[in-house]
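Notes for the structure review
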Amino acid sequence: MKLNNGFTLIELLVVIAISLVVLGGALAAFINYSERRSVLNAANELKTYLVAAQNRANAGDLGGCDQLAGYRVQTYLNGNVTEMSSQAVCETGTADTARIQQLPGGVTVSPNVDVTFQVLNAGFNLDDASEDVTVSGGSNSYLFTIYREGRVSEGDWQ
């Protein structure tokens, strides 16, 4: 009587093939999750940056100015990295150097934000009542809205 110890080559190949399919699916899901987290973090950073500039304008933080007109927030592409800047806008005097922060790599903002929060809760300079801002990375896009009076919406995935 012959005892079979071990597995056949076919059995091993089937197990390896199934393992690779499962691993590939898990890897794809992880990459998508990582991209979504990066986009969400960038959108939250930008919204926080906008609110901080609005608060500085409302508080009358001179930011180096003799007389403050407001705080300007911009996003722009520097090479392949999106940056945000915030700087006081002066009626008179010279503003301090802009505060600059980078968003995570591979994340873009469309359209580029360029708004100035005016002092004393006067909102900011939008031509329309609101502007939609899309933060994208990979195949993921997160949309939120900024309103003329300075409010920023919660936002949602697109």
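Structure's up top.
Before going into details, it helps to say that this report is about the structure given with it. Computed from a prediction, not measured in an experiment: that's the story for all the values here.

Here's the deal with the overall build of the chain
A count of helices and strands for the chain gives one helix and eight strands. Walking the chain from its N terminus toward its C terminus, one meets helices and strands in the order α-β-β-β-β-β-β-β-β. Computed over the C-alpha atoms, the radius of gyration of the chain is 25 Å, more than 25% above the 15 Å expected from 2.2 N^0.38 for a compact globule of 158 residues. Its C-alpha atoms give the chain principal-axis dimensions of about 100 × 30 × 25 Å. For the chain, with 158 residues in total, the buried portion stands at 30%. Taking the contacts inside the chain whose residues are at least 6 apart along the sequence as the reference set, 50% of them involve residues at least 24 apart. Of note, the chain has its 9 positive side-chain charges centred 8 Å away from the centre of its 16 negative side-chain charges.

Re a nonpolar patch on the surface
A cluster of nonpolar residues, L9, I10, L13, V14, I18 and V22, forms a patch on the protein surface that exposes about 610 Å² of accessible area. Mapped onto the elements of the fold, I18 is located in helix α1 (residues 9-59).

A few points about the sheet that holds strand β7 (residues 140-147)
Each strand in a sheet pairs with its neighbour through backbone hydrogen bonds, running either in the same direction (parallel) or in the opposite one (antiparallel). In space, the four strands of this open sheet follow the order β4-β6-β7-β8, with antiparallel pairing throughout. The two strands at the open ends of the sheet, each matched to only one other strand, are β4 (108-110) and β8 (156-157). Along the sheet face, α1 touches β4, β6 (130-137), β7 and β8 and points at about 15° away from the line of β7.

Some points on the packing of aromatic side chains
Applying the stated criterion across every chain, the model contains one aromatic pair. Taking the centre distance of 5.2 Å and the plane angle of 80° together, the rings of Y142 and W157 count as edge-to-face. You can see Y142 sitting in strand β7 and its partner W157 sitting in strand β8, a full 15 residues away along the chain. Accessibility expressed as a relative area gives 5% for Y142, which makes it buried. For W157, a relative accessible area of 24% puts it in the partly exposed group. The ring centre of F144 lies 5.7 Å from the NZ or CZ of K47, which sits over that ring. A cation over a ring is seen here: R151 above Y147, with NZ or CZ 3.9 Å from the ring centre.

Points about the pairing of β6
Sheet analysis places β4 next to β6, joined by three bridges and oriented antiparallel. By the bridge assignment, S110 is partnered in β6 with T134. Bridge count between β6 and β7: eight bridges; the pairing is antiparallel. Note that in β7 the partner of D132 across the bridge is T145. The turn linking β6 back onto β7 is made up of two residues, and G138 within it adopts a positive phi angle of 65°.

A closer look at the state of the cysteines
Applying the stated criterion across every chain, the model contains one disulfide. Two residues share a disulfide in this structure: C65 and C90, whose sulfurs sit 1.8 Å from each other. With the S-S dihedral at roughly -75°, the linkage between C65 and C90 falls on the left-handed side. Pair noted here: C65 is in strand β1 (residues 65-78) and C90 is in strand β2 (residues 81-93), with a separation of 25 residues, a long-range link. C90 sits in the partly exposed class, given a relative accessible area of 22%.

Rules behind the numbers
Residues numbered from 1 in each chain as written. Predicted model: local features only at pLDDT ≥ 70, side-chain atom pairs only at ≥ 80, totals over all residues. Heavy atoms only, no water. Helix = DSSP H or I, 4+ residues; strand = E, 2+ residues; numbered from the N terminus. Rg over C-alpha atoms; globule rule 2.2 N^0.38 Å. Buried < 20%, exposed > 50% of the residue type's maximum accessible area, 1.4 Å probe, protein only. Contact = heavy atoms within 4.5 Å. Lys, Arg positive; Asp, Glu negative; His and termini not counted. Charge placed at Lys NZ, Arg CZ, Asp CG, Glu CD. Patch = residues over 30% accessible without salt bridge, like charges linked within 9 Å, V, L, I, M, F, W, Y side chains within 5 Å. Areas by Shrake-Rupley, 256 points an atom, 1.4 Å probe, with all protein chains shown as cover. Salt bridge = Lys/Arg side-chain N within 4 Å of Asp/Glu carboxyl O. Pairing = 2+ DSSP bridges. Axes fitted to C-alpha atoms, helices over the stretch in contact; angles between N-to-C directions. Phe/Tyr/Trp six-rings, centres within 6.5 Å; stacked < 30°, edge-to-face > 60°. Lys NZ or Arg CZ within 6 Å of the ring centre and 35° of its normal. Disulfide = S-S within 2.5 Å.

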